Amino acid sequence: MNQDHQPEIWINPPSQLIHSIVKVDASYSPWLGDLDFQNTYQKIKGHTLVDIYRCYELWSLAKQTASVEGAILEVGVWRGGTGAILAQSVKEIPSKTVYLADTFSGVVKAGENDPKYQGGEHADTSLSVVRELLHSLDINNASILQGIFPEDTAENIPGKISLLHSDVDVYQSSKDIVEWCLPRLSTGGLIVFDDYGFSGCEGVTTYCEELRQNPDFHFIHNLNGHAIFIKMK
Ligand SMILES: C[S@@+](CC[C@H](N)C(=O)[O-])C[C@H]1O[C@@H](n2cnc3c(N)ncnc32)[C@H](O)[C@@H]1O
């Protein structure tokens, strides 16, 4: 720590993304007092790579966009943990379908923006793993799409999108998914990126920095590793 109580900064080199150790001092923890969330989280936590802070934020954001027109879409499901959180959070809203899209054979489209990825990561899952998790939670409002999104499976989604959760780890998939979603995203709708700012997921952070130039969105950098874009018009 330096005298301003700011963490030391490592710049590597200046033209690239800057990282430091981020320490958060706020301690209010509403996820501990939300029994519905806790009941779900305890059942899915072995099926997700996403920490409780981001899981609770997805739970909360999905509920907040309940009245925004359109379906919820998650691309990057792996073993179904965050997808189940999203579906369970809006279970009581009959009109809200949740689409869960994954190759179920791992990450695709890794490229020069993704120094830690080669393709094929997170292949240790299957469609039936996710189907069984949803069944165990009595979730009936979710539809699983197997294949590369958007090329293979987007045609199965009619109408608008109210919330996109993009958790695909790399630059080109993030970009292709968002470009498919942009004309379908309702005003007031959200795009939530996982892995924003994580060391190793530079491709996602780089793409979010590009999307920040889009004047139709307000942007929130949540220090938990979510980038949140709110469509304003
Ligand atoms: C980090 S995992 C998702 C983690 C998950 N959300 C959780 O709750 O732990 C990333 C997933 O994205 C999937 N994926 C990456 N690019 C994709 C694409 N373009 N279309 C479909 N799935 C993709 C991979 O197969 C992998 O399962």
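Now for a look at the structure at hand. Position labels on residues start from 1 in each chain and follow its written sequence. A pLDDT threshold of at least 70 governs which residues receive local features in this predicted model, and a stricter bar of 80 or more applies before side-chain atom pairs are shown or counted, although totals over entire chains, interfaces and linings include all residues. The basis for every side-chain value is the complete set of heavy atoms in the structure, and neither hydrogens nor water enter the calculation.

Three labels apply to residues, based on accessible area from a 1.4 Å probe with only protein chains included: buried if under 20% of the type maximum, exposed if over 50%, partly exposed otherwise in between. Strands are runs of DSSP state E lasting at least two residues, helices are runs of H or I lasting at least four, and both sets are numbered from the N terminus onward. Of all the 10 residues making up helix H6 (residues 202-211), 7 are buried; the element is thus mostly covered by neighbouring parts of the structure. Here H6 has its buried residues at Glu202, Gly203, Val204, Thr205, Tyr207, Cys208 and Leu211. Here, residues are in contact when the closest pair of their heavy atoms is within 4.5 Å. Contact partners of the buried residues in H6: strand E2 (19-20), helix H5 (171-181), strand E7 (185-193) and strand E9 (226-231).

A separate point is the packing of H5 against H6. Interaxial distance between H5 and H6 falls to 7 Å at its minimum, and their mutual angle equals 35°. Residues Tyr171, Ser174, Lys175 and Val178 of H5 form the contact with H6, whose own contacting residues are Gly203, Val204, Thr206, Tyr207, Glu210 and Leu211. Among the residues forming the contact of H5 with H6, the class breakdown is 5 nonpolar, 3 polar and 2 charged. As a rule, the C-alpha atoms of each element are fitted with a line to give its axis, helices using only the stretch in contact, and angles between N-to-C directions run from 0 to 180 degrees. In the scheme used here, Gly and all other residues not listed as nonpolar or charged are polar, with Ala, Val, Leu, Ile, Met, Phe, Trp, Tyr, Cys and Pro taken as nonpolar and Asp, Glu, Lys and Arg as charged.

Now for the pairing of strand E6 (residues 161-166). Burial analysis of E6 places 6 of its 6 residues in the buried class, the great majority of the element. Strands qualify as paired when DSSP identifies two bridges or more between them. Judged from the 5 bridges that link them, strand E3 (residues 71-75) and E6 form a sheet pairing that is parallel. Among the inter-strand pairings, alanine 71 is bridged to a residue of E6, identified as isoleucine 161. Looking at chain direction, E6 and E7 are connected through 5 bridges and run parallel. Bridge pairing in E7 links serine 166 to phenylalanine 193. Place the viewer so that the strands point away; then a crossover is right-handed whenever the path from the first strand over the helix to the second strand goes clockwise. Regarding the hand of the β-α-β motif, the stretch spanning E6, H5 and E7 is right-handed.

Let us now look at the pairing of strand E8 (residues 217-222). Sheet analysis places E8 next to E9, joined by 6 bridges and oriented antiparallel. Bridge pairing in E9 places phenylalanine 217 opposite lysine 231. Counting the residues in the hairpin turn of E8 and E9 gives 3 residues, including glycine 225, whose phi is positive at 105°.

This part is about the packing of helix H2 (residues 52-64) against helix H3 (residues 81-89). The geometry of H2 relative to H3 is characterised by a closest axis approach of 8 Å and an angle of 30° between their N-to-C directions. In this structure, the crossing between H2 and H3 has a hand that is right-handed. In this structure, H2 contributes Cys55, Leu58, Trp59, Ala62 and Lys63 to the contact, and H3 contributes Thr82, Ile85, Leu86, Gln88 and Ser89. Partitioning the contact of H2 with H3 into residue classes produces 6 nonpolar, 3 polar and 1 charged. By convention the crossing between two helices is left-handed if the near helix lies anticlockwise of the far one by an angle smaller than a right angle, and right-handed if it lies clockwise.

All right, on to the pattern of salt bridges then. Salt bridges are identified by distance alone: a Lys or Arg side-chain nitrogen within 4 Å of an Asp or Glu carboxyl oxygen. Throughout the structure, instances matching the rule amount to 8 salt bridges. For lysine 23, the salt bridge goes to aspartate 25, with nearest N and O atoms at 2.7 Å. Neither residue differs from the other here; lysine 23 and aspartate 25 are each classed as exposed. Across the pair glutamate 151 and lysine 109 runs a salt bridge whose closest N-O atoms are separated by 2.7 Å. Taken as a pair, glutamate 151 in the loop between strand E5 (142-146) and E6 and lysine 109 in the loop between strand E4 (98-102) and helix H4 (127-136) lie far apart in primary sequence, 42 residues in all. Through salt bridges with shared partners, a single network forms among Asp51, Arg54 and Asp194.

Among the secondary structure elements, serine 166 is positioned in strand E6. Serine 166 gets classed as buried once you look at its relative accessible area, which sits at 2%. Those residues in contact with serine 166, other than ones at most four positions away along the chain, are Val75, Ser174, Ile177, Val192, Phe193 and Asp194.

Let us look at the sheet that holds E8. In space, the 7 strands of this open sheet follow the order E5-E4-E3-E6-E7-E9-E8, with mixed pairing throughout. Where the open sheet ends on each side, the last strands, each with one partner, are E5 and E8. Averaged over neighbouring strand pairs, the angle between their axes works out to 15° when direction is ignored. The pairing of E4 with E5 spans 5 bridges and is parallel.

On to the site of the ligand. Being near a molecule or strand, for a residue, comes down to having at least one heavy atom within 4 Å of it. In the vicinity of the ligand lie 21 residues, with Thr48, Leu49, Gly76, Asp102 and Asp167 positioned nearest. Two N or O atoms count as a polar contact when they lie within 3.5 Å, although within protein this holds only if one can serve as hydrogen donor and the other as acceptor, and sequence-adjacent residues are included solely when both atoms are side-chain atoms. At a separation of 3.0 Å, an oxygen atom of the ligand approaches a polar side-chain atom of threonine 103. For the ligand, whose unbound accessible area comes to 610 Å², protein coverage reaches 99%. For the shell around the ligand, the per-class residue count stands at 9 nonpolar, 9 polar and 3 charged. Only the protein chains shown count as cover for residues, and all accessible areas are computed by the Shrake-Rupley method using a 1.4 Å probe.

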